[in-house]
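Below, each chain spelled out in residue letters.
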Amino acid sequence: MNIVVVANYDSMSAEVAKLLYAQITRKPTSVLGLATGSTPLGVYKLLVEYHARGTDFSRLTTFNLDEYVGLAPDHPQSYNYYMKENLFSKVNLKPENTHVPNGLAPDLEAECQRYEELIKKAGGIDLQILGIGTNGHIGFNEPGTDFGAITHVVDLAESTIRDNSRFFASIDEVPTRAISMGIKTIMQAKEIILMASGGSKADAVYAAVHGPVTPDVPASVLQLHPSVTLVVDQAAASKL
Ligand code: PGA
């Protein structure tokens, strides 16, 4: 694992945006795996700036990691909405080339299968961006998730519901289930960038990098991937 420690959130965002820019320039038809949450917001802002200065996104394909079950794409806390607001509507990605699971699909199992097949059809993910939960989750693969799982429906851990309640009016409004790429789906990406910022992530980052490889800390599986770059700020790296 290549570990890059930077000063703060802004330098983490700049470093990851630079790596994405390099990927897009090297291969304009790249398939990118994208994440949501607070961590990648700064990266998306910088990508929008790259686009304003001429970077072309029109030949890229994107797949998001996950989506809440039960939230419509226009629900302000859905990840479909988040991606539209923060990136898709601000760069020239083609709508038909951007993919986020449909949390309202009547048959969730069929939706998971469809999503997994779309990724395969696109040729697999070239570069996957990941955040990490305070409990070590990646995507919504909570502790205990089978490393062999592909895109699937997950029950969110209590700690995740608590962490994400900051985005909702009350904790009761946080969905309890989600569709998430599985660990196997994530591990099939050719390259992975794991980002983390802030002291609340320090224990999870330590366990992911130095702990045993165990489903109890889903991010620890990344120790087995041949091409992972961890970009962390000093607070998140404080226990390394
Ligand atoms: P955050 O979430 O970026 O909002 O901290 C990260 C995650 O849960 O993967």
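What you are looking at is a predicted structure, and each value in this text was computed from that prediction instead of being measured.

(A) Representation of the sheet that holds strand S7 (residues 152-155) within the structure. The three strands are arranged S4-S8-S7 in an open sheet whose pairing can be described as antiparallel. With partners counted over all chains shown, the strands left at the sheet margins are strand S4 (66-68) and S7, one partner each. Strand-to-strand, the axes of this sheet are offset by a mean angle of 25°, without reference to chain direction. The pairing of S7 with strand S8 (residues 177-180) spans four bridges and is classified as antiparallel. Looking at the pairing, Val153 lines up with Ile179 of S8.

(B) Focus on the site of the ligand. Around the ligand, the surrounding shell consists of Gly37, Ser38, Thr39, Gly131, Ile132, Gly133, His137, Arg166 and Lys201. Contacts to the ligand include Arg166, whose side-chain N or O atom sits 2.9 Å from an oxygen atom. In this structure, an oxygen atom belonging to the ligand sits 2.6 Å away from a side-chain N or O atom of Lys201. If the ligand stood free it would expose 280 Å²; the protein chains cover 84% of that surface.

(C) Local environment of helix H4 (residues 108-121). In a regular helix each residue adds 1.5 Å, so 14 residues correspond to 20 Å; H4 covers 20 Å between its end C-alpha atoms and thus fits that length. Restricting attention to buried positions, one finds in H4 the residues Leu108, Glu111, Cys112, Tyr115, Glu116 and Ile119. The buried residues of H4 all sit within an arc of 135° when viewed along its axis, so they share a single face. Along H4, exposed side chains directed more than 90 degrees from the buried face belong to Glu109, Gln113, Lys120 and Lys121. The elements touched by buried residues of H4 are strand S3 (61-64), strand S5 (98-99), S7, S8 and helix H6 (183-187). The N-cap residue of H4 is Asp107: its side-chain oxygen and the backbone nitrogen of Glu109 are 3.2 Å apart. Remark: Gly123 follows H4 within two positions and exhibits a positive phi of approximately 95°.

(D) Geometry of the nonpolar core. Counting 66 residues, the largest nonpolar core has Leu87, Ile138 and Leu222 as its most contacted members. When neighbours within four sequence positions are excluded, Leu222 is seen to be in contact with Met1, Leu130, Ile138, Met187, Ile192, Leu194 and Val228. By size, the runner-up hydrophobic cluster in this structure holds five residues, among which are Val69, Ala105, Leu108 and Cys112.

(E) The arrangement of the sheet that holds S5 in detail. Spatially, seven strands are ordered S1-S10-S9-S6-S2-S3-S5 in an open sheet, and the strand pairing comes out parallel. The outermost strands of the open sheet, each flanked by one partner alone, are strand S1 (2-6) and S5. Sheet topology places strand S2 (residues 31-34) next to S3; four bridges connect them, and they run parallel. Paired with Leu32 across the strands is Thr62, a residue of S3. Running over the sheet, H4 touches S3 and S5 and is turned about 150° from S3.

Rules used in this analysis
Residues numbered from 1 in each chain as written. Predicted model: local features only at pLDDT ≥ 70, side-chain atom pairs only at ≥ 80, totals over all residues. Heavy atoms only, no water. Pairing = 2+ DSSP bridges. Helix = DSSP H or I, 4+ residues; strand = E, 2+ residues; numbered from the N terminus. Axes fitted to C-alpha atoms, helices over the stretch in contact; angles between N-to-C directions. Near = heavy atom within 4 Å. Polar contact = N/O pair within 3.5 Å; in protein donor to acceptor, adjacent residues only side chain to side chain. Areas by Shrake-Rupley, 256 points an atom, 1.4 Å probe, with all protein chains shown as cover. Expected span 1.5 Å × (residues − 1). Buried < 20%, exposed > 50% of the residue type's maximum accessible area, 1.4 Å probe, protein only. Arc of directions from axis to C-beta. Contact = heavy atoms within 4.5 Å. Core = buried A, V, L, I, M, F, W, Y, C linked by side-chain atoms within 4.5 Å.

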